[in-house]
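Observations on the three-dimensional arrangement
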Amino acid sequence: MLAILLPLLQASAQNPDAAQIMMKCRDLSITRSMTGKMNLKITEKNGSTRNRTISMTSKSYDGGLEKRLIRFLEPADVRGTAMLIVDNRDIPDEMWIYLPALKKTRRIVTSEKGKSFMSSEFSNADMTSPTLSDFSYKHITVAGPANQWIIESIPVTDDKADEYGFSRRISYIDKDSYQTKKMEFYGFDNRLFKVIEIRDVVLLRDGKYMIRDMAASNLLNGRKSEIVFSNLSEGTDIDDSFFTLRNLEK
Amino acid sequence: MTDFIIKYRWFIIRLFIITGAGSFLIIPGIKTDPDIRNYIPESIASRAETDKIESVFGVQDMIMILFSDGMMISHDNLDIIRKIDRSISRISSISDRISPFTVKSIRSEEGMMVVDPLISIIPSDTDGQKKLEKDISENRFAANTVFSDDLTSAAITATLSSSVPETLNLQKIDSALKTETGNMQILRGGLPYIRKYLLEEVNRDAILLIPAALVIMLLVLKVNLGTWRSVLLPFGIVFVTTALSMALIPLFGWKMSIITVLVPVILIAVANNYGIYLVARFQELSLRYPDLSKKDLIRLLLSSLNMPILFSGLTTVSGLLGLMMHSIIPARQVGLLAAAGVSAALLMSLIVVPVMIYVSGIAKFIRKKKTRTTRRFEKLLGRISEIIIARNGIILAVSLSIVLLFVSGIFLLRINTNQENYFSERHPVREASKMINSKFGGSQTISVMIESDILDPVVMNEIDKMTRWAEGQKGIGNVFSISQIVREMSKAIYTKDEYGYDMIPDTREGIAQMFELYNMSGNPEDYRRLLDPAYTKAHILIKLARPENEIIMFVKSGIDELSKGFPGKVTTGGYALIMADFAHSIIRGQIFSLIFAVVTVFLLLSIIFRSFKGGLIGSVPLIASIIVLLGFMGFSGIELDAATALLSSIMIGVGVDFTIQFIWCYNLKVNSGLSFTEAVPEAMSTIGRSIIINALVVMSGFAALIFSGFTSIRFFGYLVIISIGSCMLGALIVIPAILVRYRPGFIGFKTNKTSENEKENNYAGYPSATVAGVSTKS
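These numbers were taken from a predicted model, which means no experiment stands behind them.

**Details of the overall build of chain B**
- On a plain count of helices and strands, chain B comes out with 25 helices and 10 strands.
- Principal-axis analysis of the C-alpha atoms gives chain B an extent of 110 × 50 × 45 Å.
- Within chain B, buried positions represent 56% of all 778 residues.
- Excluding contacts between residues fewer than 6 apart, the proportion of contacts in chain B whose partners are at least 24 apart in sequence is 82%.

Okay, structure coming up:
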């Protein structure tokens, strides 16, 4: 019995609490403010590609509140379309969208975190800071790269699982930088269906970082989505009036 | 030949046993294909176009789980549905799912566009339930799709991924349904379930029908041949030829279909005839010539029976080969397999049966006295002969009138290609289909793919025009199109009195931005089945509440009309259209195989009787029987489908034998010096009873089909009785009436194999009434 328990006890003694690692990881990825350009490339199974380019400005507030303003640059049909997103920690996000061709601004209410982000393989949840209380965490002992924690996140309820659209997620986190390197998503039949790889980050002060290049591969439909940020700047002072409906319609 | 087969008798017996055993061992390798799509050649337009559409928008075959109760909107019912829906969502091979809990509600609320699930929280009080009822009735994506209009039924629709075998997917769904369902009744429907049940029923039929047909055949043989040893010879031939034909299925790389199950039944009914003739004839000869050696008896047997058996076999094979002209793949397979089986039976009967008789001997079986039934029978045949001689004009006039009457029935003949109708009315999958068709917009679909710049307002408006046209047609249930989503979004963007409400935007950018709006608010996957990600292909999905051939053809022609001048390429496919093509294939196949078989039979009869007039007269009962059969189907409402379409070719194969037998026998009587009139009762007493008994054997073999799980196959069983019966009446009543009335010149042709002994008997070719175990010369 002792022989069985010993490795577990050792693992428990060696590793910090999984939830604490995830919290630190999240904190390091949240920036005070950020501006940049994002290119999203979606590659279909047959090799055809679609590109979208947006400009993005975001600002974080106390209490987990985050505001983002997104403006579409490409493709031409949707140029000028703009979105203002207020990302609340515990209540559904608020979202306004301005449609220049229709000259209308509409507020959108949606609670689906698992839905696709801009028709890509990334979900909305992948694009925002995770809500830690939605999951339970534990270390798992599977073979992986050295110097990485491998942490399993399981939705706390069936409703949360429905909302996020997966049964468990395995995160590979660098032990030194607390940066997430890779995430694997498993379906409800415990089949791996999506892998996100963080291919490049921009290091900031205090150990914080911003993702510059990441790719999501859907193993079920063979589609791949890649996001590359450019012209990134962090910590610039952005006035609160930037995140208003009047600015949205400019 | 006799010396040869006797010399190599043990080799022949070993080869026979090895062939039977080897074939039998291959049979377990047979696989079943319940997908009717595969019955149609890939070259047929609807199949190719459907494949093309499905390569873009995925397979359109959906399963439907149906829940019904007096009132669906209750906390308990909705909670159960949610649990089941959640279990189904956990199956990764479900590629798409529409349920009361996935349907979105797009609405405008205080200046906000709200895209939320129709049911976020299950209402537990009356007010909440009433609000939900109102929401359902106002939501075009919920009413008639996830809830019926009367709110007595709900449905979960799911599309199965082809990455996992369909049977495994259905097992997982069935497992998800193993839960407490309260007062609700649950039904499973949709094409994957139809295929599953078809598969089960085909296998059940194969297990049930073949032994049933064998048992019936054994009993009929026992009654006719008297001893079990005599029975085992034709039975052995049937057993081996059936095994051989079935073994060809995996050897050719084919699969069993709903109609391939007819092959063993055809063989069981037909392949025994030659063996019966031989055994019965041997019984008669051995009784008549007790002093002859066994070898001489066999020589006499073969010299008297080779030719007529060969002719009968050849006409049967040619009739069956007529099915090779069919465009339906399993119909061709049935034709080839049955023709191969009958050919093998012919060959084995002429070689193996005499060898086995030589090796084992056949108990002489003869009833010394005619039974009362036999006497009545002969009296009846005699009476019929008298009527034919005295009233042949009336007989021909009445027969012609009957045939003409049935010609009018042919115009009432309907074609049925709906797989749902293969099942009986009370079958759960049939009940599910009825509910889907009446309450959920239909189970079968027509797909229209438009290739163009879908964001172009001109194109989108044309798509909308086509969608609205489809929505307004009778027989069409639900219609799903990307233009509907655009219009729904416009309702959430504009107020009712604003320009743009419930409209397609005027500009390309307007449409593109609307999709962007949906991408951000709803889930782009929601319309993945209606619009490809590059916005170059759109899909209109039309569900048919009445999946009937006429409706399908009407919708197709309507779409073709709207496609003229359409600003893009329009491709029309879908399972319903494949079914319509299937129907046309049935008609074409029926016509081609009939023409081929009738011409072949006419030529064969012309050769046999050495006269074109003989060929023509010989074809009369056959053509008349085909008309009677099709007319009867028209009057009785039995529809032409995959199985019943094979009837006429099988009938040709089986029924034409009787005509050959009668004319052959009649000719011999005339050759022996009898007049045309005198020959009628003689031929009737010699061959009439054999024909009747043979007809009964064939009918009883096919009678096993009434145990089939499929309505269509059961009808087939009943129709065989009518068609074989009419062939028999044609041979025994119409043919002698024609011969007596018109005295055709071809009668009197000489047969090569007529021996002196046979001339003594007045009849060379047939075992006369000994088929019934009764000697007419006793």
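Here the narrative resumes.
**Overview of the sheet that holds strand β1 (residues 62–68) of chain B**
Residue and element names in this part refer to chain B.
- With antiparallel pairing, the 4 strands of this open sheet are ordered in space as β2-β5-β1-β6. This sheet does not close on itself; its edge strands, each paired only once, are β2 (94–98) and β6 (185–189). For this sheet, the mean angle separating the axes of adjacent strands, direction not counted, is 20°.
- Alignment of β2 against strand β5 (residues 153–160), held across 4 bridges, turns out to be antiparallel. When the sheet's bridge partners are listed, Asp96 is paired in β5 with Thr159.
- Strand contacts of helix α15 (residues 428–439): β1, β5 and β6, with the helix running at about 90° to β6, the strand carrying the most contacts.

**Quick notes on the sheet that holds strand β9 (residues 537–544) of chain B**
Residue and element names in this part refer to chain B.
- Read from one edge to the other, the open sheet built from 4 strands follows the order β8-β9-β7-β10, with strand pairing classed as antiparallel. Edge positions in the sheet fall to β8 (476–480) and β10 (569–573), since each has one partner strand and no second. Each strand of the sheet is rotated relative to its neighbour by a mean of 20°, with strand direction disregarded.
- Bridge count for strand β7 (residues 444–451) against β9 is 8 bridges, and the pairing is antiparallel. Pairing of Ser447 across the sheet is with Leu541, part of β9.

**Structural notes on the packing of helix α21 (residues 612–636) of chain B against helix α24 (residues 711–742) of chain B**
Residue and element names in this part refer to chain B.
- Interaxial distance between α21 and α24 falls to 8 Å at its minimum, and their mutual angle equals 145°. Helix-helix and strand crossings are classified by hand; for α21 and α24 the assignment is right-handed. Seen from α21, the contacting residues are Ile617, Val620, Pro621, Leu622, Ala624, Ser625, Val628, Leu629 and Phe632; seen from α24, they are Leu719, Ile722, Ser723, Ser726, Cys727, Gly730, Ala731, Val734, Ile735 and Ile738.
- Partitioned by chemical class, the residues of the contact of α21 with α24 number 15 nonpolar, 4 polar and no charged.

**Let's talk about the packing of helix α23 (residues 676–703) of chain B against α24(B)**
Residues and elements named next belong to chain B.
- In contact at an axis separation of 10 Å, α23 and α24 are set at 175° when each is read in the N-to-C sense. Put simply, α23 runs roughly antiparallel to α24. From α23, Phe676, Thr677, Val680, Gly688, Ile691, Ile692, Ala695, Val698, Met699, Phe702 and Ala703 reach across to α24, where they touch Gly717, Val720, Ile721, Ile724, Gly725, Met728, Ala731, Leu732, Pro736, Leu739 and Val740.
- Of the residues assigned to the contact of α23 with α24, the class counts are 18 nonpolar, 4 polar and no charged.

**Looking at the pairing of strand β9 (residues 168–174) of chain A**
All names here are of chain A.
- Only one face of β9 is buried: it carries Arg169, Ser171 and Ile173, and the other face, with Arg168, Ile170, Tyr172 and Asp174, is open.
- In terms of strand pairing, β9 meets strand β10 (residues 180–186) through 6 bridges, oriented antiparallel. When the sheet's bridge partners are listed, Ile170 is paired in β10 with Glu184.
- If you look at the hairpin formed by β9 and β10, you'll find 5 residues sitting between the two strands, and Tyr178 has a positive phi there, around 60°.

Conventions used here
- Residues numbered from 1 in each chain as written.
- Chains lettered and ligands numbered in written order.
- Predicted model: local features only at pLDDT ≥ 70, side-chain atom pairs only at ≥ 80, totals over all residues.
- Helix = DSSP H or I, 4+ residues; strand = E, 2+ residues; numbered from the N terminus.
- Buried ≥ 20, exposed ≤ 12 C-beta atoms within 10 Å, placed from the backbone.
- Contact = placed C-beta atoms within 7 Å.
- Pairing = 2+ DSSP bridges.
- Axes fitted to C-alpha atoms, helices over the stretch in contact; angles between N-to-C directions.
- Left-handed = near helix turned anticlockwise from the far one by under 90°.
- Nonpolar A, V, L, I, M, F, W, Y, C, P; charged D, E, K, R; others polar.
- Parallel < 35°, antiparallel > 145°, perpendicular 65-115°, else oblique.

Remember that the coordinates give geometry; whether it matters functionally is a separate question.
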